[in-house]
There are 2 protein chains.
Amino acid sequence: MDDSPSVDLLTGDLHSSLEDPTVASMNFLNEVTSRYPEALSFAPGRPVESFFDLEALHGWMRAFSRYLAEDLGYSEEEVRRTLCQYGRTKGIVHGLIARHLSRDAGIEIDPESVVVTVGCQEAMFLVLRALRADARDVLLSVSPMYVGLTGAARLVDMPVLPVATGVQGIDLDDLVAQIRAAREQGLRPRACYVMPDFANPSGRSLTASTRKALLDVAEREDILLLEDNPYGAFHGGEGTPPTLKALDTGRRVIYLGSFAKTVLPGARVGYAVADQRVRTADGRTGLFSDQLSKIKSMVTVNTSPLAQAVVGGALLEHDFSLEQANARERVIYRDNLRRLVDGLRSRLGKGSPISFNVPTGGFFVCVSVPFEADEDLLEHSARKYGVLWTPMRHFYHGTGGEHELRLSISSLTGAQMDEGLDRLAALFAEQAPVRADNPRHPMRPART
Amino acid sequence: MDDSPSVDLLTGDLHSSLEDPTVASMNFLNEVTSRYPEALSFAPGRPVESFFDLEALHGWMRAFSRYLAEDLGYSEEEVRRTLCQYGRTKGIVHGLIARHLSRDAGIEIDPESVVVTVGCQEAMFLVLRALRADARDVLLSVSPMYVGLTGAARLVDMPVLPVATGVQGIDLDDLVAQIRAAREQGLRPRACYVMPDFANPSGRSLTASTRKALLDVAEREDILLLEDNPYGAFHGGEGTPPTLKALDTGRRVIYLGSFAKTVLPGARVGYAVADQRVRTADGRTGLFSDQLSKIKSMVTVNTSPLAQAVVGGALLEHDFSLEQANARERVIYRDNLRRLVDGLRSRLGKGSPISFNVPTGGFFVCVSVPFEADEDLLEHSARKYGVLWTPMRHFYHGTGGEHELRLSISSLTGAQMDEGLDRLAALFAEQAPVRADNPRHPMRPART
């Protein structure tokens, strides 16, 4: 290798996503995390690790092989070929996913409408790549936005128009206004992305009536809805309203599914349900899933059948209910969420200028603070207090979130959370000390 | 679900790749294959299946876990986390891949320059997405071209300019001419894609001196080379010249690696080696692999660590030499290639208007015929003769390949090949019967 220090490429000559502020922010977060490995982190939305079990993975793979042999009648050779060889682009666990959706989410679908993907991220990418035909095509999303969506949209040069959260989790008047304003500018709003249950990052959920109203708007305004549902199984115990897809009578909803939180992230298996009817130039009609499959063949060819076998085996072993399979995890997340909320309340005290929302499930709580919660403060928080969190600024398009931070409840133990909350409280006290005479106007100390 | 037959989307309103002729052709091929499941197929470039062994996969996963614990000193908890949790975007087997490249390919690299991908297809996609900044950016490729490359380029709207094969496997004069003509049109040729060993679909290889000359051209003309090497291990026994990356002293080569043929397709693990130095807008310098990693985080987040563990374990068990691990497979492919070539020779006879090339390794032989080898003929071949092959037309940009077909030697047994060759010979005899008086001008019967 040549060791000359010359530069071969400039990012200015590479795709613009590489200089995107959101991407840069996420990289900064990863960098801070790696520089302060001992810090307690409320940043990552990773699932709890205490139930990870390597032997269970081997068992799930074997269970899937048995299913192929015993239920589908495959020969030994066919089982080996299914797991080891190139295979069906749309995947091999589509039938099992359809049974899971029927059992857990009240969604009844033709398995042919499923595309199994490399995590939900690839599902988002495939859908956006298909929908972005030219520079007129735009996407809508409730803001603050999931960064995975922002990233996928950047990769296909598709602008994302922010829709206000409002009091319902999505401001439908603003949605309609954004759609119409975009059309007046000659743009084509194709779809609106939404996480109806315990959204990342806001923690907000939509009521049943808001869901129905959103479907009505989609129908009236002729847009698709991209429903992403990674946290629905982690309600506090009360369940959740029906998914948009379960209520969808007009094929308006593309359902994006993930097994990262309900089975394990390491499988990297997700899926899209895309039952829309598509007519091709030669006049043939087929499923949108088959168009996504064509794109998938150019991105990853197919999803590892070994990884699919792990997820398929888990579905079989749990009789298709991941809601049931995650009973232990749900209790942990519920207890952690309560601990975080109670811990914040008791540490902040009455009259604190700091406030936060109280979701009934999911992984995330948003905290509003009277100082800038930016990357400098995160660095300071890591160095001086040994505690990490996510600046909400990352999740806004344009401006917003400067005074908000996101706390995740999923990856710390109870004891770690208590210690982490003590550290956070010290940071908050430093940044916004409450003056007895005027608790609403805290002094803002200089950054150290 | 609503059962109305109305159409929700038109492909004309979706991304143009969905109406791309190459993609449509590959779909047609899959469709014919599924309609004639009993046909003997010379079409797929799939590896031989006889050594697939599910228990070996479990063993490889365990071997990788042992390596993490014993060689890297991971705790049990860290091993579980590494395999089950979200992880490093660039992958977890980069160090093992570096050792493999050193052992098998004479390539010495910093493991940090490796990005582990979901098959080689994702590696191609990441590189092209990074290099295609705007409509001026174009790619070059030896023509006939690998369809996976064409597909990835279509997804990022990057034109691929064909470079003639010539007598050396790549016509370097044509390469220079294409680069300069493109620049005169205001275009930016970024890279040239090439498979130096037993190319798909042509079967052609580059000599050592052509490789050096190609690197000189890349340096002089300031373009990158994308070296794809899925078949290098399957030489006839004589070895291959050094890879371009092994000869690369100027960081001109991005090496694209695949384990689909050397370990198993079902892992869907490939990689890119991208050691180019990149300067970002904020003046920092880093590796191109880190830029590809950012894009990967928006496409698939990371490659399944379970799948990586399977490949990593195989590398460990085989002491990093997949060339050695594939000794049995190499013999099968060598024997099959000889059987195909001898079988074609003996069946065609002297004076046949049908000719073919004779590669010394790899999976593919190209046959030139005096009739159109198109989709209609493929359908006819499947229906009447029960034999499948790939029209070379798929692999040409614009025109070319109308009278060529590709035969793969990798997935039929010897006995199946003999039978398949009999069927092919019958098709050829029907389409180009040799007239005793003028063997060079066969009659062309009407299609039935």
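**Brief notes about the sheet that holds strand β15 (residues 390-391) of chain B**
Residue and element names in this part refer to chain B. Strand order in this open sheet of four strands is β12-β13-β16-β15, and the pairing throughout is antiparallel. With partners counted over all chains shown, the strands left at the sheet margins are β12 (355-356) and β15, one partner each. In the sheet, β15 pairs with strand β16 (residues 404-408) via two bridges, with the strands oriented antiparallel. Paired with Pro391 across the strands is Leu405, a residue of β16.

**Examining the interface of chain B and chain A**
A common way to state how big an interface is: give the accessible area lost once the parts meet. Across the boundary between the two partners, chain B contributes 76 residues, which contact 76 residues of chain A. Taken together, the residues that form the side of chain B that touches chain A break down as 34 nonpolar, 24 polar and 18 charged. The pairing of strand β1 (residues 9-10) of chain A with strand β10 (residues 277-279) of chain B spans two bridges and is parallel. When the bridges of β10 of chain B are listed, Leu10 of chain A appears paired with Arg279 of chain B.

**Digging into the domain arrangement of chain A**
All names here are of chain A. Under the domain assignment used here, chain A contains domain 1 (14-43 + 326-431) and domain 2 (55-323). Taking the mean C-alpha position of each, domain 1 and domain 2 sit 27 Å from one another. In this complex, domain 1 contributes 26 residues to the contact, which on the side of domain 2 involves 26 residues. The set of elements that each furnish at least two residues to the side of domain 1 that touches domain 2 consists of α1 (21-35), α13 (327-348) and β13 (364-368). Within the side of domain 1 that touches domain 2, the residues separate by chemical class into eleven nonpolar, eleven polar and four charged.

**Here we look at unusual backbone geometry**
Each neighbour pair has its own omega, and for Ser143 of chain B with Pro144 of chain B the value is 5°, a cis peptide bond. Examined against the element boundaries, Pro144 of chain B turns out to sit in the loop between β4 (137-142) and α6 (147-155). In this chain, Asn200 of chain B is followed by Pro201 of chain B through a cis amide linkage whose omega measures 15°. By the element assignment, Pro201 of chain B lies in the loop between β6 (188-194) and α8 (208-221). Of note, Arg251 of chain A is a non-glycine position whose phi angle comes to about 50°, a positive value. Here Arg251 of chain A falls in the buried class, since 21 other C-beta atoms lie within 10 Å of it. With phi around 70°, Val301 of chain B is a residue other than glycine that occupies positive phi space. Along the chain, Val301 of chain B turns up in the loop between α10 (288-299) and α11 (305-317).

**A few points about the relation of the copies chain B and chain A**
Mapping chain B onto chain A leaves a residual RMSD of 0.0 Å; the transformation is a rotation of 180° accompanied by 0.0 Å of translation along its axis. These values place the two chain copies in the arrangement generated by a two-fold rotation axis. Both copies present the same face, since 100% of the interface residues in chain B are matched by interface residues at the equivalent positions in chain A.

**Some thoughts on the nonpolar core**
Ranked by size, the top nonpolar core spans 265 residues in total, and within it Val127 and Ala272 of chain A together with Val127 and Ala272 of chain B carry the most contacts. Discounting residues that sit within four places of it in the chain, Val127 of chain A has contacts with Leu226, Ile254, Ala272 and Leu292 of chain A.

**Comments concerning the environment of Asp216 of chain A**
All names here are of chain A. Along the chain, Asp216 falls in helix α8 (residues 208-221). For Asp216, a count of 13 C-beta atoms within 10 Å puts it in the partly exposed group. Taking the C-alpha atoms as reference points, Asp216 and Gly250, separated by 34 residues in sequence, lie 9.8 Å from one another.

**Structural notes on the packing of α13 of chain A against helix α15 (residues 414-431) of chain A**
Residues and elements named next belong to chain A. For the pair α13 and α15, interaxial distance at closest approach is 10 Å and the crossing angle is 30°. When the axis of α13 is compared with that of α15, the two are roughly parallel. α13 and α15 meet at a crossing whose hand is right-handed. Only Gly414, Met417, Asp418, Leu421 and Ala425 of α15 make contact with α13, whose side of the interface consists of Asp335, Asn336, Arg339, Leu340, Gly343, Leu344 and Arg347. For the contact of α13 with α15, the class distribution of residues is five nonpolar, three polar and four charged.

**Here we look at the sheet that holds strand β7 (residues 224-228) of chain A**
Residue and element names in this part refer to chain A. Reading across the sheet, the seven strands line up as β3-β9-β8-β7-β6-β4-β5 and stay open at both edges, with mixed pairing between neighbours. On the outer flanks of this sheet lie β3 (114-117) and β5 (160-163), each paired with one strand and no other. Across the sheet, the mean angle from the axis of one strand to that of its neighbour is 20°, orientation sign disregarded. The sheet contact formed by β3 and strand β9 (residues 270-273) spans four bridges and is antiparallel. Bridge pairing links Val114 to Val273 in β9.

**Quick word on the pairing of strand β6 (residues 188-194) of chain A**
All names here are of chain A. With six of its seven residues buried, β6 lies for the most part within the structure. Here strand β4 (residues 137-142) pairs with β6 via five bridges, running parallel. Following the sheet pairing, Ser141 is matched in β6 by Tyr193. The pairing of β6 with β7 spans four bridges and is parallel. Following the sheet pairing, Cys192 is matched in β7 by Leu225. In this fold, β6 hands off to α8, which returns the chain to β7; that crossover is right-handed.

**Structural notes on the confidence of the model for chain A**
Predicted confidence across chain A gives a mean pLDDT of 93, with 96% of residues reaching 70 or more. For this predicted complex, the interface score ipTM comes out at 0.95, alongside a pTM of 0.95.

**Topic: the environment of Asp171 of chain B**
Residue and element names in this part refer to chain B. Along the chain, the position of Asp171 falls in the loop between β5 (160-163) and α7 (172-184). For Asp171, a count of 17 C-beta atoms within 10 Å gives the class partly exposed. Residues Asp171 and Thr210, 39 residues apart in the sequence, show an inter-C-alpha distance of 9.4 Å. In this view, Asp171 contacts Val163, Ala164, Thr165 and Gly166; residues no more than four positions away in its chain are not counted.

**So, the environment of Gly106 of chain A**
Residues and elements named next belong to chain A. By secondary structure assignment, the location of Gly106 is in the loop between α4 (94-105) and β3. With 79 residues separating them in the primary sequence, Gly106 and Gln185 have C-alpha atoms 39 Å apart. Ignoring anything within four residues of it in the chain, the contact list for Gly106 reads Pro242 and Ala246.

Definitions and limits used
Residues numbered from 1 in each chain as written. Chains lettered and ligands numbered in written order. Predicted model: local features only at pLDDT ≥ 70, side-chain atom pairs only at ≥ 80, totals over all residues. Pairing = 2+ DSSP bridges. Helix = DSSP H or I, 4+ residues; strand = E, 2+ residues; numbered from the N terminus. Contact = placed C-beta atoms within 7 Å. Nonpolar A, V, L, I, M, F, W, Y, C, P; charged D, E, K, R; others polar. Domains from an automatic or database assignment. Buried ≥ 20, exposed ≤ 12 C-beta atoms within 10 Å, placed from the backbone. Least-squares fit on C-alpha atoms with pLDDT ≥ 70 in both. Core = buried A, V, L, I, M, F, W, Y, C linked by C-beta atoms within 7 Å. Axes fitted to C-alpha atoms, helices over the stretch in contact; angles between N-to-C directions. Parallel < 35°, antiparallel > 145°, perpendicular 65-115°, else oblique. Left-handed = near helix turned anticlockwise from the far one by under 90°. Right-handed = clockwise from strand over helix to strand, strands pointing away. pLDDT = per-residue confidence, 0-100.

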